[in-house]
Amino acid sequence: SMNMSKATITRMILNVAIDSVIGAIPILGDMFDIFWRANLKNTALMEKELANPRGQKQRSVLWLLMMIAILVALFYVCVVLPITMIF
């Protein structure tokens, strides 16, 4: 793992996961693939990590926390809110 932080490795895995999940959706996935280049993003993350390990780790941790917050908000809007409206 070239002494890369776990946060950066996790971020790289999520880049590929996002590309795979959204890329599997017909038409929308094709349009998404034009803009979301997981391999290019991951290469840039690796280069930044090698150039400035501490700074990149901090950015990756912040990015991961932001993604968690977005997923929690989406879960709330898509699952919790509709359930509370029904009952």
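This section reports on the structure supplied with the text.

What counts and what doesn't
- Residues numbered from 1 in each chain as written.
- Predicted model: local features only at pLDDT ≥ 70, side-chain atom pairs only at ≥ 80, totals over all residues.
- Heavy atoms only, no water.
- Helix = DSSP H or I, 4+ residues; strand = E, 2+ residues; numbered from the N terminus.
- Rg over C-alpha atoms; globule rule 2.2 N^0.38 Å.
- Patch = residues over 30% accessible without salt bridge, like charges linked within 9 Å, V, L, I, M, F, W, Y side chains within 5 Å.
- Areas by Shrake-Rupley, 256 points an atom, 1.4 Å probe, with all protein chains shown as cover.
- Salt bridge = Lys/Arg side-chain N within 4 Å of Asp/Glu carboxyl O.
- Buried < 20%, exposed > 50% of the residue type's maximum accessible area, 1.4 Å probe, protein only.

### Here we look at the overall build of the chain
Then, number 1: Looking only at helices and strands, the chain features 4 helices and 0 strands.
Then, number 2: Taken from the N to the C terminus, the helices and strands of the chain come in the order α-α-α-α.
Then, number 3: Taken over the C-alpha trace, the chain has a radius of gyration of 16 Å; the compact-globule value for 87 residues is 12 Å, which it surpasses by more than 25%.
Then, number 4: By principal-axis analysis of the C-alpha atoms, the chain measures approximately 55 × 30 × 15 Å.

### Focus: a nonpolar patch on the surface
Then, number 1: On the surface, Val61, Leu62, Leu65, Ile68 and Val72 cluster together into a nonpolar patch covering about 460 Å² of accessible area.
Then, number 2: Here Val72 lies in helix 4 (residues 53-86).
Then, number 3: Val72 sits in the exposed class, given a relative accessible area of 52%.

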